[in-house]
Amino acid sequence: MTSPNTPIDGAALLDQVEAFHRRFNVFPREAAYVAVALWDAHAHLIDAFDGTARLAFLSPEPGSGKSRALEIVETLTPRAATTVNASANALFRLVEADGGTPTLLFDEIDTVFGPKAGGNEEVRGFLNSGYRRGAKSLRCVGDGSNQSTEWFSSFCAVAMAGLGSLPDTILTRSVIIRMRKKAPNEKAEPYRRRIHEKQGHALRDRLAEWATTVHDQVAEAWPEMPEGVSDRPADVWEPLLAVADAAGGHWPERARAACVELIKAAHDGDEASLGVRLLTDLRDKVFSGADRMPTAAILEVLHGLDDAPWADLNDDGKPLTARGLSKLLSQYVRPDNTPIRPRGIRVGSGTPKGYYAEDLTDAWARYCPPPPEKSATSATAATPQVNGGQSVAEDSGESRHMLAETGTRPLRAVG
């Protein structure tokens, strides 16, 4: 036991918090233990930050340890309030209640935002706005005709657990832990609330005590971000890195390594929007260096791609059409800031509609991930090639049959 006047070793305390999680949680990667321990501590310093990271435990199947992870977080964070479902009005009042900023824990968050939940825009608005200090929403208070309006704050630390995914506006504000079922060789100690909750609360109280000693330091901190971490990911990780720097020891280095790893994992796990998927497939699988492509040729290649949605895109199982292609691409703009539209492409004696690579370059640069590396000898496409004054004979039934059989299309010089 340490005396009341003995300074608290922040690094050792975070080690204990991490060890407590390890007793009961099996996380998918080491970086997750680091991030969750830092998140627990950051909740005690919420008043020192301009923003807060959401913490999301997500999995594709039940029984993956999400609720248990949230239960352990509950024992370690200040004024923890766990809910499975709550109205936006109740959440606003909880944040405004006397006694300090709560730590809000949402279990079964998929019931709020899942496919059968109907959107729940008010709760989504609460979670989005509460990411930043000073965020307030105007609400009506009172009964019947005797009502007035008041501003309510939504700024608080929020951790969530659920099946599937979450709206992008929430995911981009979150540290995401993709949970999974334990393998046979992965063991966790059974959690017994009557015994272990007291142990967690003892650590919680030590975290609160330590937080008071570093509050001013953290409030003035501008932690250095790992190379390549900027914009929204930097906003998410700034409070966690500030906690790590205040703790010292091995935590600053471990925190930055975890930051890079989890940001990359979140990016790898993202499902691109349909528009971004289309742009990427056009760049990498359809054009592949060609400077123009007729619409019919584009659709034929898209429909033939494995592991792509284009062949049965619609609810009725029908494939992407020329009209659907135009509608998706018109959301993006050409380098001259006008919408991407099909244009006439000279093919022999005809000018069928199609698309030019030069119209897509700005959208490719802005929205698509870096292109895959290709060797100099690799085949550039199973797509029709049109370059250097050559074009594709789209209006020929024979040519379309050849494309289906060979994956290539004959090229004719344009006279």
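Residues numbered from 1 in each chain as written. Predicted model: local features only at pLDDT ≥ 70, side-chain atom pairs only at ≥ 80, totals over all residues. Heavy atoms only, no water.

Enquirer: Break down the packing of aromatic side chains for me, with residues and values.
Expert: The tally for this structure, following the rule as stated, stands at 6 aromatic pairs. Consider the rings of Phe 24 and Tyr 191, whose centres lie 5.3 Å apart with planes at 85°: the pair is edge-to-face. Of the two residues, Phe 24 sits in helix 1 (residues 10–24) while Tyr 191 sits in the loop between strand 7 (174–178) and helix 8 (193–219), which places them 167 residues apart along the sequence. Judged by relative accessible area, which is 6%, Tyr 191 ranks as buried. With 4.7 Å between their ring centres and 40° between their planes, Phe 27 and Tyr 33 make a pair best called tilted. Here Phe 27 and Tyr 33 have matching classes, each one buried. (Phe/Tyr/Trp six-rings, centres within 6.5 Å; stacked < 30°, edge-to-face > 60°. Helix = DSSP H or I, 4+ residues; strand = E, 2+ residues; numbered from the N terminus. Buried < 20%, exposed > 50% of the residue type's maximum accessible area, 1.4 Å probe, protein only.)

Enquirer: Outline the pairing of strand 3 (residues 103–106), supporting the account with residue identities and numerical values.
Expert: Side-chain alternation along strand 3 places Thr 103 and Leu 105 on one buried face and Leu 104 and Phe 106 on a second face that is also buried. Pairing of strand 2 (residues 80–83) with strand 3 involves 4 bridges; the strand directions are parallel. Following the sheet pairing, Ala 81 is matched in strand 3 by Leu 104. The pairing of strand 3 with strand 6 (residues 157–163) spans 4 bridges and is parallel. Within strand 6, the position partnered with Leu 105 by the bridge is Ala 159. (Pairing = 2+ DSSP bridges.)

Enquirer: Talk me through the environment of Glu 96; I want residue IDs and the actual numbers.
Expert: On the secondary structure map, Glu 96 appears in helix 4 (residues 88–96). Among residues more than four places away in sequence, those in contact with Glu 96 are Lys 136, Trp 151, Phe 152 and Ser 153. (Contact = heavy atoms within 4.5 Å.)

Enquirer: Residues and numbers for helix 4, please.
Expert: Among the residues of helix 4, those classed as buried are Ala 88, Leu 91, Phe 92 and Val 95. Taken down its axis, helix 4 places every buried residue within 100° of arc, on the same side. (Arc of directions from axis to C-beta.)

Enquirer: Give me the lowdown on the environment of Leu 279, citing residues and values where you can.
Expert: Position of Leu 279 relative to the elements: it lies in helix 11 (residues 274–287). Remark: the alpha-carbon pair of Leu 279 and Trp 364, spanning 85 residues in sequence, is separated by 6.4 Å. Discounting chain neighbours no more than four positions away, the residues touching Leu 279 are Leu 329, Tyr 332, Leu 360, Ala 363, Trp 364, Tyr 367 and Cys 368.

Enquirer: Break down the side chain of Ser 174 for me, citing the residues and quoting the values.
Expert: The topology assignment puts Ser 174 in strand 7. Of the polar contacts made by the side chain of Ser 174, one reaches the backbone oxygen of Ile 170; its length is 2.7 Å. Discounting residues that sit within four places of it in the chain, Ser 174 has contacts with Arg 54, Ala 56, Met 160 and Val 236. (Polar contact = N/O pair within 3.5 Å; in protein donor to acceptor, adjacent residues only side chain to side chain.)

Enquirer: Summarise the sheet that holds strand 10 (residues 353–356); cite the residues concerned and give the values.
Expert: Spatial ordering of the open sheet is given by 8-10-9, a layout of 3 strands whose pairing is antiparallel. The outermost strands of the open sheet, each flanked by one partner alone, are strand 8 (292–294) and strand 9 (343–344). As paired strands, strand 9 and strand 10 are joined by 2 bridges and run antiparallel to one another. The residue of strand 10 that forms the bridge with Gly 344 is Lys 353. Set on the sheet, helix 14 (residues 357–367) makes contact with strand 9 and strand 10; between it and strand 10 the angle comes to about 50°. (Axes fitted to C-alpha atoms, helices over the stretch in contact; angles between N-to-C directions.)

Enquirer: Give a description of the confidence of the model for the protein that names residues and reports values.
Expert: Summarising the model, the protein shows a mean pLDDT of 84, and 84% of its residues fall at 70 or more. For residues 375–415, every residue scores under 50 in pLDDT, and the model assigns this stretch 81 contacts once sequence neighbours within four places are set aside. (pLDDT = per-residue confidence, 0-100.)

Enquirer: Provide a residue-level description of the pattern of salt bridges, including the pertinent values.
Expert: A full pass over the atoms with the stated rule returns 21 salt bridges. The partner of Arg 132 in a salt bridge is Asp 235, and the shortest N-O contact between them spans 3.2 Å. With a gap of 103 residues between them, Arg 132 in the loop between helix 6 (121–129) and strand 4 (136–143) and Asp 235 in helix 9 (residues 231–247) connect regions that are remote in the sequence. A salt bridge links Arg 206 to Glu 209; the nearest nitrogen and oxygen atoms lie 3.5 Å apart. (Salt bridge = Lys/Arg side-chain N within 4 Å of Asp/Glu carboxyl O.)

Enquirer: Lay out the packing of helix 11 against helix 12 (residues 295–303) in plain terms, naming residues and giving numbers.
Expert: At their nearest, the axes of helix 11 and helix 12 sit 10 Å apart, and the two run at 95° to each other. For the element pair helix 11 / helix 12, the angle class is roughly perpendicular. Contacts between helix 11 and helix 12 involve Leu 278, Asp 281, Leu 282, Lys 285, Val 286 and Phe 287 on the former and, on the latter, Ile 298, Val 301 and Leu 302. Residue composition of the contact of helix 11 with helix 12, grouped by class: 7 nonpolar, no polar and 2 charged. (Parallel < 35°, antiparallel > 145°, perpendicular 65-115°, else oblique. Nonpolar A, V, L, I, M, F, W, Y, C, P; charged D, E, K, R; others polar.)

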